[in-house]
Amino acid sequence: MEYKHKDIESRWQQKWQEEGIYRVDNSSDRPKYYVLDMFPYPSGAGLHVGHPLGYIASDIYSRYKRLRGFNVLHPMGYDAYGLPAEQYAIRTGQHPEITTRENTARYREQLDKIGFSFDWSREIKTCDPEFYRWTQWAFLRMFGSWYNRRTAKAEPIETLIAHLEKHGTEGLDAAQTRELDFSASDWAAMSDKERSDALMNWRLAFQANTMVNWCPKLGTVLANDEVSEGLSVRGGYPVEQKMMYQWCLRVSAYADRLLKDLETIDWSDSIKETQRNWIGRSEGAEMRFKVADSDVELEIFTTRADTIFGVTFMVLAPESAYVDMVTTPDRRAAVEEYVSAAKHKTERERMIDKKVSGVFTGAYAINPLTGKQVPIWVSDYVLAGYGTGAIMAVPAHDSRDYAFARHFDLPVIPLIEGADVSESSFDAKEGRMINSAGPELDLNGLEVKDAIAKTKEFIAAKGIGKVKVNFRLRDAIFSRQRYWGEPIPIYYKDGIPMPYEEALPLALPEVDKYLPTETGEPPLGRAKNWTTPDGYPLELNTMPGFAGSSAYYLRYMDPRNPEALVSPEANKYWRNVDLYIGGSEHATGHLIYSRFWNKFLYDLGVVCEPEPFKKLINQGMIQGRSNFVYRIKDTNTFVSHGLKDKYDTTPIHVDVNIVSNDILDLDAFRKSQPEYATAEFILEDGKYICGWAVEKMSKSMFNVVNPDDIVERYGADTLRLYEMFLGPLEQSKPWDTNGIDGVNRFIKKLWSLYFKGDTCLVDDSEPTPEALKSLHKLIKKVTADIENFSFNTSVAAFMICVNELSTQKCHSREVLSTLLIVLAPFAPHVAEELWHSAIGRPESESIVRDAEWPEFNEDYLKESTITMAVSFNGKARYNITVAPDASREEIEKTALEHEGAAKWLEGKTVRKIIVVPGKIVNIVVG
RNA sequence: GCCCGGAUGGUGGAAUGGUAGACACGAGGGACUUAAAAUCCCUUGACCAUUGCGGUCGUGCGGGUUCGAGUCCCGCUCCGGGCACCA
């Protein structure tokens, strides 16, 4: 029998599917294990070889866990709402649902060919009403909840209303949009509309007038993580800041829990660090500065309370409400001009324009510790959205304040001994304080750390301010002015937003065009009868992309449950994801929102674990490896890479699919484009060698490698092994087809252990000690490697083992069948085939379902003798062989009596002998 | 600017503080073959020596700890990633 991958793979894939061997139940005697991949957005381009990298790794792990006796949940689905399908719809008029259906079908076809062990009976799509009803449901739960800081959890809005009825805002400690202050009788006197507006201040899903990232080109608002450097992540269009009334999620309420619980989960340091940065906890103090000749008090936030004696001016954000309150009449015109100019700048313009700018308000603030007056300025380097939108400026110890002070010629007072502030500020939080003594507080001589603590204590005691923790994490803007997303289940009764609970799932309506209406309303404004049966208008915004992906891992536990997102039983059984594999680009988006969403559901008692993903592995990106041909200028002649420097050439991308091992297929090249039909070549050694470079894998670079092509040519098992062999899972690396032959050769070599032509070589001979040693070395290595996600070295271990068994001419059924079990997670098709055709296991049995992972036996690894290196002064000189249980003395004796020793001992004294049993003997001479 | 990673042959990459370069690609040589493909065998870090033994240097740079450092510590350089007028 020959190794025919096409025949083998399609046959087993079909059989596995018919028998439903990957279907998993919500109850089992076996322990549970949940392995999840980040589900893909089904784009029109289909999968390229980079996409399955993480899926292959998770599949290997799932299969391994199954063989180890776990009940493994390993589902797959589609993140089906997204911009590309909508933009395609705008261009062509094709309903995004059709586009999405076509794309998911194509994805499924591609995924199936690779032989994944997904339980497709649990497949979900975020655009399926039976799925998104639970996205909408969760949104309404958030709408109906507030965050009680006292109990540190979300509570039903009714408990808040009860509090307001009794005490007003008195004694309330809640996550909120802004500080509100009213009494129980005020509450009683409010109209329904006023109450609704007031409650928005506390709801976890709420509407607010906030500064949003508005992308005019996309016609929608974007969340912070959807914007990078002032451009939209999708499409790269400019984004401006705009005040809009929008739906938001109060993610910030959970900032401290999101930060603290990072310590409880097994994620990489880098992604935890990214989340820590994004959450941005900073401990500081809020302080009040009286404004001279006014009752206004400026509240500012600082992390450097110790530098209060160095305050030489104050700065307000242009958008700050203080600006209006403090500006003196004579300065008003100048200030208004500056503020309006700042407002008209986009975020990108503000970022590019790093020039120092600002305007004096005419007012002065009084330093509460010194009583001295300092001028109040307005500048756009202070952000309205962080802290209080006002700062005390300490130019000596803050580089931004320093730049401002130098530009406007304001005084700089150094506060730290030895700090040279003639050229730049001294920002480090270290050193001893100077110039820091006032009538009531003396910080001189203290270390910065102690000075901060002392100042905080002082201002708190004096009632000048309080200790405050600020977070950079913003509430997530939750409305999108787009069509292809989940409708927000809200209707408006006399202008009051009401939950539309009874309508769930609230299905996405049909529209004639996927564009905003003439009056500038979102596309849902075009839907006919987009009202409740009573005629109340429905919300026109849809939910953002992260909505559907925030709780999908819960739905897989119980995907067809019509009563609940997930039943308590199913949730208690599967709990949370044990292993999650996906790209690190979701660090500040999906992975934050999911954790937030899960914590909210945890507060509600819907889920039993406070974190959704116990362990997270970020697979690296697979980059493209582009090939180039070199055209001699103004000719149709192409020169091989090694000779190109002799000519004046232009490098041109050439399709990597007509290049093999960097050698160009000349005929295919001539046929690829009409203009190349008459191309001439200057060859080296009869070949045209292409140049190469690592670039993003994309159509425009002609470097897209399609997994189907690899599967067609080499088979899924080769693709799987090769993707793992490419390098460490978490590292980004270019796809390089050059090495794939080696892995394919390995499979053929493996096959030749079992078959020579049509003859089956497997027999019942007693395995030799060497064969058992090779096998158990492999079991030990692969077991450890899988646990550590070091799959590349596992593949190497297989190659070594097969080479050894092949040299030993091992035909033992015992050894060769165990080898297949170890290989099965990596290359399931060839393992299953040989399991039956060569080992002769019964038809009814499947290696992927019924085999048991072998335990390695240390005894087989023991050597009758062991080799140890003998070194002199640390440099190895010769080897000795000793018994494994040789005593220290025996080893030393053997080492010194070895014939090689004489040369090194000649005329020297032995000072010390270090023996590391089994490894090395170091003889220190001198 | 702050915070995380990383740097090893021609290439991708291996190495619980213990003989650096596993495994694979590529390259060179050979066998088989009319020939090619496929397959198999040998060589392959650099330099020196080569009749044979062998020797010297080598993990981005400079120090240190250690009998012994790719690995640990200190100080740099460069590359990748995250955050960023966040006070």
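Every value quoted in this text rests on a predicted model; they were computed, and no experiment measured them. (Residues numbered from 1 in each chain as written. Chains lettered and ligands numbered in written order. Predicted model: local features only at pLDDT ≥ 70, side-chain atom pairs only at ≥ 80, totals over all residues. Heavy atoms only, no water.)

Student: I would appreciate a short explanation of the packing of helix α23 (residues 740-754) against helix α26 (residues 813-823) in the present structure.
Tutor: Angle between the axes and distance between the axes: these two values describe a pair of packed helices. Here α23 crosses α26 at 150°, and the two axes come no closer than 11 Å. Relative to α26, α23 is oriented roughly antiparallel. Where α23 crosses over α26, the handedness of that crossing is left-handed. In this structure, α23 uses F746, L750, L753 and Y754 to contact α26, whose residues at the interface are L816, L819, L820 and L823. Taken together, the residues that form the contact of α23 with α26 break down as eight nonpolar, no polar and no charged. (Axes fitted to C-alpha atoms, helices over the stretch in contact; angles between N-to-C directions. Helix = DSSP H or I, 4+ residues; strand = E, 2+ residues; numbered from the N terminus. Parallel < 35°, antiparallel > 145°, perpendicular 65-115°, else oblique. Left-handed = near helix turned anticlockwise from the far one by under 90°. Contact = heavy atoms within 4.5 Å. Nonpolar A, V, L, I, M, F, W, Y, C, P; charged D, E, K, R; others polar.)

Student: Any chance you could explain the protein's contact with RNA strand B here in plain terms?
Tutor: RNA strand B sits among 47 residues. The nearest are T303, R400, Q731, K919 and N922. In RNA strand B, atoms within 4 Å of the protein come from the sugar-phosphate backbone in 58% of cases. T274 places a polar side-chain atom, nitrogen or oxygen, 3.4 Å from a sugar or linking oxygen of RNA strand B. Measuring from a phosphate oxygen of RNA strand B, one finds a side-chain N or O atom of R472 at 2.5 Å. (Near = heavy atom within 4 Å. Polar contact = N/O pair within 3.5 Å; in protein donor to acceptor, adjacent residues only side chain to side chain.)

Student: So what exactly am I meant to see when it comes to the pattern of salt bridges here?
Tutor: Applying the stated criterion to the full structure yields 49 salt bridges. Put simply, E843 and K15 hold a salt bridge, and the shortest N to O gap is 3.0 Å. Highlighted residues: E843 in the loop between α27 (828-837) and α28 (847-850) and K15 in helix α1 (residues 5-19), separated in sequence by 828 residues. Under the relative-accessibility criterion, E843 is labelled exposed at 58%. (Salt bridge = Lys/Arg side-chain N within 4 Å of Asp/Glu carboxyl O. Buried < 20%, exposed > 50% of the residue type's maximum accessible area, 1.4 Å probe, protein only.)

Student: Can you walk me through the packing of helix α22 (residues 716-725) against α23 in this structure?
Tutor: Look at α22 against α23: their axes get within 9 Å of each other, and the N-to-C directions meet at 125°. One way to sum up the angle between α22 and α23 is to call them oblique. The two elements α22 and α23 cross, and the hand of that crossing is right-handed. Of α23, the residues touching α22 (which contributes D717, T718, L721, Y722 and F725) are I740, V743, N744, F746 and I747. Residues of the contact of α22 with α23, tallied by class, amount to seven nonpolar, two polar and one charged.

Student: In this structure, what is going on with the pairing of strand β18 (residues 490-493)? I would like to understand it.
Tutor: Working note: regular strand, side chains alternate between the two faces of the sheet. Where β18 meets strand β19 (residues 496-499), four bridges bridge the pair, whose relative direction is antiparallel. Directly across from K493, in β19, lies its bridge partner I496. Linking β18 back to β19 in an antiparallel pair, the connection comprises two residues, with D494 at a positive phi of about 50°. (Pairing = 2+ DSSP bridges.)

Student: Would you explain the packing of aromatic side chains in this entry?
Tutor: Each aromatic ring pair is characterised by the separation of its centres together with the angle its planes make. Evaluated as defined, the whole model comprises 55 aromatic pairs. Between Y81 and Y132 the ring centres are 6.2 Å apart and the planes differ by 40°, which places this aromatic pair in the tilted class. Here the residue Y81 occupies a position in the loop between β2 (71-73) and α3 (83-92), and Y132 occupies one in helix α5 (residues 129-143), the gap between them amounting to 51 residues. Ring geometry for Y491 against Y536: centres 5.8 Å apart, planes inclined by 25°, an arrangement best described as stacked. Of this pair, Y491 sits in strand β18 while Y536 sits in the loop between β19 and α16 (545-549), and the two are 45 residues apart along the sequence. Within the aromatic cluster, the residues linked to one another by ring pairs are Y33, Y61, Y64, F70, F746, F789, F791, F798, F826 and W853. If you follow R108 out to its NZ or CZ, it ends over the ring of W120, 4.0 Å from the centre. (Phe/Tyr/Trp six-rings, centres within 6.5 Å; stacked < 30°, edge-to-face > 60°. Lys NZ or Arg CZ within 6 Å of the ring centre and 35° of its normal.)

Student: Just to check I follow, could you spell out empty space enclosed by the protein for this structure?
Tutor: Rolled over the atoms, a probe sized like a water molecule indicates the empty space that remains. Taken as a whole and assessed by the stated rule, the structure comprises four cavities of 30 Å³ or more. The volume enclosed by the largest cavity comes to roughly 50 Å³. If you go around the largest cavity, the residues you meet are F131, W134, T135, A547, G548, A551, L565 and W597. Of all elements in the fold, only α5 and α16 reach the threshold of two or more residues within the lining of the largest cavity. At three residues, the largest contribution of residues to the lining of the largest cavity is made by α5. For the lining of the largest cavity, a count of residues per class yields six nonpolar, two polar and no charged. (1 Å grid on protein atoms, 1.4 Å probe; cavity = no way out; pocket = protein on both sides within 12 Å on 5 of 7 lines; lining within 4 Å. Points joined across faces, edges and corners; volume = space filled by probe spheres on them.)

Student: Can you walk me through the sheet that holds strand β17 (residues 476-477) in this structure?
Tutor: Each strand in a sheet pairs with its neighbour through backbone hydrogen bonds, running either in the same direction (parallel) or in the opposite one (antiparallel). Pairing in this open sheet of four strands is antiparallel, and the strands run β6-β5-β9-β17 from one edge to the other. In this open sheet, the two strands that pair with only one neighbour each are β6 (220-222) and β17. Judged from the 10 bridges that link them, strand β5 (residues 205-215) and strand β9 (residues 240-249) form a sheet pairing that is antiparallel. Looking at β9, one finds that V212 is bridged to K242. Sitting on the sheet, α5 touches β5 and β9, and the angle it makes with β9 is about 95°.

Take it as geometry only, folks, not as evidence of what the structure does.
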